Amino acid sequence: MSIITSVRRCYHCGKVLQDKDPQKEGYIDPSALVAVRTNQMILCQECYEELHPNATPAVADVSDEFLSMLRDAKKEGATIVYLVDLISFECSFNKDVLDLITDLPIVIIASKWDLMPKEVEAEHTKEYVAHRFRAEGFKKAKATDVVLLNYNSSADVTLASGMIKKKHNGKNVFVIGAKGAGKSAFLNSFIRQFKNTSNRGIMIGAYKNTSLEVWQIPLDDHSYIYDTPGTGVKNSFLGKPNPPKEILVTSKIVSRKQVVALNGSLFIGGIARIDPIRLSSEKKRTSFTCYFAPKVALKSITPKNDMTALFQKYIKNKALKPYVDWFKCQNDADVFDFELEEDGPRDLGIAGVGWVSFEGKKGDIYRVYVPKNIGTYASRAKIIIKKKEGKKK
Ligand SMILES: Nc1nc2c(ncn2[C@@H]2O[C@H](COP(=O)(O)OP(=O)(O)OP(=O)(O)O)[C@@H](O)[C@H]2O)c(=O)[nH]1
Ligand SMILES: [Mg+2]
């Protein structure tokens, strides 16, 4: 006689489950294995992570070494130059970074000003950036702390350099921001205008007790300005191994209009989708002003019975550019409902790609589909289109 016992396996990949070694296949936390009955379907940790959607939009990642550098900055009361890419920075913040620096003096540089659409208005944009920083914990951030920067404009660079010199008060300055935000481009322009009044030179090397490669430029005999490695962009399309080239904004964005009916959808290439699912306006449709690179195809879909199957068909047939091979079906998506809490111009954005702007009404709900682990956000509008002719850039 033999005793036959059914071996518990992952319902998705079929691997035999084990709770001893997280590095080996089929691993599952022991508590999860105990908690479920023998006949219940269960997933190994790897499949659970692969299949399980995020409960909140994905956030930016950061290394421990970077945090240890910022602990130094905090200790010495250094000044932070926080550099953000105006086209897409809303999902680039990291809570551990913010916890260390929100009380330090700050200069905010918003780069790629030259790539913003022509209808953009400088004062509104500065206030928008300051508002986003206040929301992230920089309670005192003001529009006057923000410099809009085109790194090719020597006037913009002079303005930013002047603000840094005025604020840093003899202490070190750390230039931080997401990968690709434009930190090095700014510091290269800074160096072109730079007069070294100290008896020290510009150096490149590992920051104290870390492997972080930093540039250090002497501001005076006691302080440096550091160009630091970018914080993680794993939650952005730009952080993926081969980001689709169509998303890259290389010239001034030109806005496009798309009207989408209630329960219809705006397909953004084969990489995202936005559906108005509750609208209070009588017209029961939303007019989106869309800010993406010109090769990102946009398509307004009238409501259909099976929107999921339709979106899947578009993705499978590669009908709209861009598309990525890691977003094949609805199971690969994170899906969020954004319910508006106030009336007024609002944005919905996708990390590393762009955003749509529209007139929001309190209580309206928009459903956003993005590939799993790509950030998405809702905010007040980055660009307000004035009825009367406003100040042009
Ligand atoms: N059009 C435009 N392009 C910019 C601007 N600033 C930076 N760039 C471009 O953005 C890209 C990334 O800039 P970098 O300066 O390397 O970014 P970074 O923040 O140093 O990136 P990491 O070192 O990887 O963290 C480069 O191709 C720059 O030429 C700007 O103001 N306008
Ligand atoms: Mg750099």
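Computed from a prediction, not measured in an experiment: that's the story for all the values here. (Residues numbered from 1 in each chain as written. Chains lettered and ligands numbered in written order. Predicted model: local features only at pLDDT ≥ 70, side-chain atom pairs only at ≥ 80, totals over all residues. Heavy atoms only, no water.)

Things to note about the pattern of salt bridges
Side chains bearing opposite charge may pair, as long as their charged atoms lie close to each other.
Here is step 1: Scanning the entire structure with this criterion turns up 16 salt bridges.
Here is step 2: For Glu127, the salt bridge is made with Arg380, and the minimal N-O distance between the two is 3.9 Å. Taken together, the positions of Glu127 in helix α5 (residues 122-135) and Arg380 in strand β17 (residues 376-380) put the pair 253 residues apart, joining distant regions of the chain.
Here is step 3: Exposure remark for Glu127: the relative accessible area of 29% places this residue in the partly exposed category.
Here is step 4: Arg380 gets classed as partly exposed once you look at its relative accessible area, which sits at 32%.
Here is step 5: A salt bridge links Lys167 to Asp145; its shortest N-O distance comes to 3.1 Å. Placement of the pair is Lys167 in helix α6 (residues 154-167) and Asp145 in the loop between α5 and β3 (146-149), with a sequence separation of 22 residues. (Salt bridge = Lys/Arg side-chain N within 4 Å of Asp/Glu carboxyl O. Helix = DSSP H or I, 4+ residues; strand = E, 2+ residues; numbered from the N terminus. Buried < 20%, exposed > 50% of the residue type's maximum accessible area, 1.4 Å probe, protein only.)

Side note on empty space enclosed by the protein
Here is step 1: Counted according to the given criterion, the structure contains 1 cavity of 30 Å³ or more.
Here is step 2: If one sorts the elements of the lining of the largest cavity by residue count, helix α8 (residues 307-316) sits on top with 4 residues.
Here is step 3: Its residues assigned to classes, the lining of the largest cavity shows 6 nonpolar, 3 polar and no charged. (1 Å grid on protein atoms, 1.4 Å probe; cavity = no way out; pocket = protein on both sides within 12 Å on 5 of 7 lines; lining within 4 Å. Points joined across faces, edges and corners; volume = space filled by probe spheres on them. Nonpolar A, V, L, I, M, F, W, Y, C, P; charged D, E, K, R; others polar.)

Some points on the site of ligand 1
Here is step 1: Around ligand 1 sit 15 residues, and of these Asp114, Gly180, Lys183, Ser184 and Ala185 come closest.
Here is step 2: For ligand 1, an oxygen atom lies 3.2 Å from a polar atom in the backbone of Ala181.
Here is step 3: In this structure, Gly182 approaches ligand 1 through a main-chain N or O atom, which is 2.9 Å from an oxygen atom.
Here is step 4: Contact with the protein chains hides 69% of the accessible area of ligand 1, taken as 650 Å² for the molecule alone.
Here is step 5: Here the element with the most residues in the shell around ligand 1 is helix α7 (residues 183-192); it accounts for 3 residues.
Here is step 6: Classifying every residue of the shell around ligand 1 gives 6 nonpolar, 5 polar and 4 charged. (Near = heavy atom within 4 Å. Polar contact = N/O pair within 3.5 Å; in protein donor to acceptor, adjacent residues only side chain to side chain. Areas by Shrake-Rupley, 256 points an atom, 1.4 Å probe, with all protein chains shown as cover.)

Considerations on the domain arrangement of the protein
When the parts come together, some accessible area is lost, and that loss is often what is quoted as the size of the interface.
Here is step 1: We note that the domain assignment places domain 1 (10-52), domain 2 (64-227) and domain 3 (245-380) within the protein.
Here is step 2: A C-alpha centroid distance of 32 Å is found between domain 2 and domain 3.
Here is step 3: Tallying the contact residues gives 14 residues for domain 2 and 18 residues for domain 3.
Here is step 4: Across the domain 2 to domain 3 interface the summed buried area is about 1,300 Å²; carbon plus sulfur atoms make up 60%.
Here is step 5: Counting the surface domain 2 buries against domain 3, the share from its top three residues, Ile87, Cys91 and Leu115, is 36%.
Here is step 6: Taken together, the links from domain 2 to domain 3 amount to 1 salt bridge.
Here is step 7: For the interface between domain 2 and domain 3, the tally reads 8 residue pairs in polar contact (both at pLDDT 80 or more).
Here is step 8: Along the lines of polarity and charge, the residues of the side of domain 2 that touches domain 3 split into 6 nonpolar, 2 polar and 6 charged. (Domains from an automatic or database assignment. Contact = heavy atoms within 4.5 Å. Buried area = accessible area lost by both parts, 1.4 Å probe.)

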